[in-house]
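Coordinates in review
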Amino acid sequence: MPKARLIINPISGTRNKAGLDRMVLDVLSQLGWEVEVAYTKGHGDATRLALSAIEKGCDTVIAAGGDGTINETAAALCGTGVILGILPCGSGNGLARHLGIPVDLKEGLKVIIENHAMEIDYATVNDCKFFCTCGVGFDAAVSAAFAKKKTRGKLTYIQSTFQTYASYEPEHYTIMANGKTLTEKAFLVAVCNASQYGNNAYIAPSASINDGLLDVTIIHAGNTLSTALVGVDMLTGFIERNMLIHTFRTDNIIIERERKGASHVDGEPMEMDRRLSIRCHHNGLKVFTPTVVHPFRPILTPVSAMFNDFRIAVNNLFQK
Ligand SMILES: Nc1ncnc2c1ncn2[C@@H]1O[C@H](COP(=O)(O)OP(=O)(O)OP(=O)(O)O)[C@@H](O)[C@H]1O
């Protein structure tokens, strides 16, 4: 009989989570699963709850939250063979979206029931694990601004992005990878295991999550208009063609900046050393994924994801 722990972050995203525990328990117990539910109370709790689930002999840990909750849960599961289930309840849900896990929770639960587990890569930045993206520069500044807000969700991300953009100054970085060294002033440097930050913002649309490689996207410093156009290309899936972009793949990279400071790890802001050492760990995590995932197509994939989000937002509005 499958034994699982469901970890719910009650403050993630904007979705009402009342009844989520009951819905999951009803469906999985009917199928013979033994499931217990735990709620996070603050930062780091999901890791502690996942570690104790492993000690109790769970073969699956289901995380209901955003990328921060998924990160904390998955960090405990790497290399254990215990399978991660994802119920996307966050503000961005970058990893779930990359994996094709529906943001609709009933549909997301169906993915877990299908019992199709896949091995995916994860990465470390100075010993801190990440599964989706990590970065320095503008994206780290947006994460820090978002974390200070009293509200969560997509609209708060948009507000944080515009507010940060108004006063942001690009910095100098030295980037070492694949035997080459680049030194430049950049708007941001993103190191991506998955294709998007979340909310269908495709920073590395061609990224594969199980190729043993990280996709690095450097956005050069440009003027106000050219940088704003990068944002448009990111949302439509054409970022790789943008003139301000330099991309490459590597399994390890060192980024040095002028001083220690802000970075983000799966969207969570973090103060880090001036030198970031980032490495990919091939197939280190098992996760339930859909059996069929449609390949990424510029415009088509972002537009259909946007309509889907709108449909779910309207449904959730009526459920509240
Ligand atoms: N009960 C709680 N109260 C306050 N913070 C919590 C609680 N439980 C967990 N947290 C913290 O909430 C933060 C945000 O969670 P999470 O990233 O899952 O949601 P989100 O930011 O809304 O979504 P996304 O990361 O997809 O944008 C995490 O840093 C987590 O440690």
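Conventions we followed
- Residues numbered from 1 in each chain as written.
- Predicted model: local features only at pLDDT ≥ 70, side-chain atom pairs only at ≥ 80, totals over all residues.
- Helix = DSSP H or I, 4+ residues; strand = E, 2+ residues; numbered from the N terminus.
- Rg over C-alpha atoms; globule rule 2.2 N^0.38 Å.
- Buried ≥ 20, exposed ≤ 12 C-beta atoms within 10 Å, placed from the backbone.
- Contact = placed C-beta atoms within 7 Å.
- Near = placed C-beta within 6 Å.
- Nonpolar A, V, L, I, M, F, W, Y, C, P; charged D, E, K, R; others polar.
- Core = buried A, V, L, I, M, F, W, Y, C linked by C-beta atoms within 7 Å.
- Domains from an automatic or database assignment.
- Axes fitted to C-alpha atoms, helices over the stretch in contact; angles between N-to-C directions.
- Left-handed = near helix turned anticlockwise from the far one by under 90°.
- Expected span 1.5 Å × (residues − 1).
- Arc of directions from axis to C-beta.
- UniProt positions renumbered as here; feature names shortened; annotations may be inferred.

To continue, consider the overall build of the protein. The number of helices and strands found in the protein is nine helices and 15 strands. For a compact globule of 320 residues, the expected C-alpha radius of gyration is about 20 Å, and the protein comes in at 19 Å, within 12% of that figure. Along the three orthogonal principal directions, the C-alpha set of the protein runs to about 55 × 40 × 35 Å. For the protein, the residues scored as buried account for 44% of the 320 residues in total. Once local pairs closer than 6 in sequence are excluded, the contacts in the protein between residues at least 24 apart make up 73%.

This part is about the site of the ligand. Taken together, the neighbourhood of the ligand is formed by 24 residues, with Ser12, Gly66, Gly68, Thr69 and Gly90 sitting nearest. Taken together, the residues of the shell around the ligand break down into two nonpolar, 16 polar and six charged.

Membership of the largest hydrophobic core comes to 85 residues, with the highest contact counts inside it found for Ile7 and Val61. Per-element tally for this core: the top contributor is strand E9 (residues 180-192), with seven residues. Those residues within four positions of Val61 in sequence are excluded, and the remaining contacts are Ala4, Arg5, Ile7, Ala50, Ala53, Thr73, Leu77, Val82 and Leu84.

To continue, consider the domain arrangement of the protein. What the domain assignment reports for the protein is domain 1 (3-121 + 284-319) and domain 2 (128-282). Centre-to-centre, using C-alpha coordinates, domain 1 lies 24 Å away from domain 2. The biggest single contributor to the side of domain 1 that touches domain 2 is helix H3 (residues 67-77), with six residues. For the side of domain 1 that touches domain 2, a count of residues per class yields 12 nonpolar, 11 polar and four charged.

Below, the discussion takes up the packing of helix H2 (residues 45-55) against H3. Two numbers describe a pair of packed helices, the interaxial angle and the distance between the axes. Running from N to C, H2 and H3 point in directions that differ by 35°, and their axes come no closer than 8 Å. Handedness of the H2/H3 crossing: right-handed. Contacts between H2 and H3 involve Ala46, Thr47, Ala50, Leu51 and Ile54 from the first element and Thr69, Glu72, Thr73, Ala75, Ala76 and Leu77 from the second. Residues of the contact of H2 with H3, tallied by class, amount to seven nonpolar, three polar and one charged.

We note that Asp127 has phi near 75°; this positive angle belongs to a residue other than glycine. Structurally, the position occupied by Asp127 is in the loop between strand E5 (117-125) and strand E6 (128-130). In this structure Asp127 comes out as exposed when scored by C-beta crowding, with 7 C-beta atoms within 10 Å. Positive phi is not limited to glycine here, since Asn283 has a value of about 50°. Mapped onto the elements, Asn283 comes out in strand E15 (residues 275-288).

Turning our attention to the environment of Ala4. As for its position among the elements, Ala4 is in strand E1 (residues 3-8). For Ala4 and Cys58, which are 54 residues apart along the polypeptide, the C-alpha to C-alpha distance reads 5.0 Å. Setting aside chain neighbours within four positions, we find Ala4 in contact with Leu28, Trp33, Val35, Cys58, Thr60, Val61 and Ile62.

Attention shifts here to helix H8 (residues 224-236). Helix length check: H8, at 13 residues, gives a terminal C-alpha distance of 19 Å against a target of 18 Å (1.5 Å per residue), a fit within 8%. When we look at burial in H8, the residues that qualify are Thr227, Val230 and Met234. An end-on view of H8 places all buried positions within 40° of arc, on one side of the element. Relative to its buried face, H8 has exposed residues pointing more than 90 degrees away, namely Thr224, Leu225, Ala228 and Val232. On its buried face, H8 sits against E9, strand E10 (214-220) and strand E11 (245-250). A positive backbone phi angle near 95° is found at Gly237, which sits one or two residues after H8.

This brings us to the UniProt feature "domain: DAGKc" (unreviewed entry) in the protein. According to UniProt, the "domain: DAGKc" (unreviewed entry) feature falls on residues 1-129. In residues 1-129, the share of helix is 38% and the share of strand is 27%. The end C-alpha atoms are 31 Å apart.

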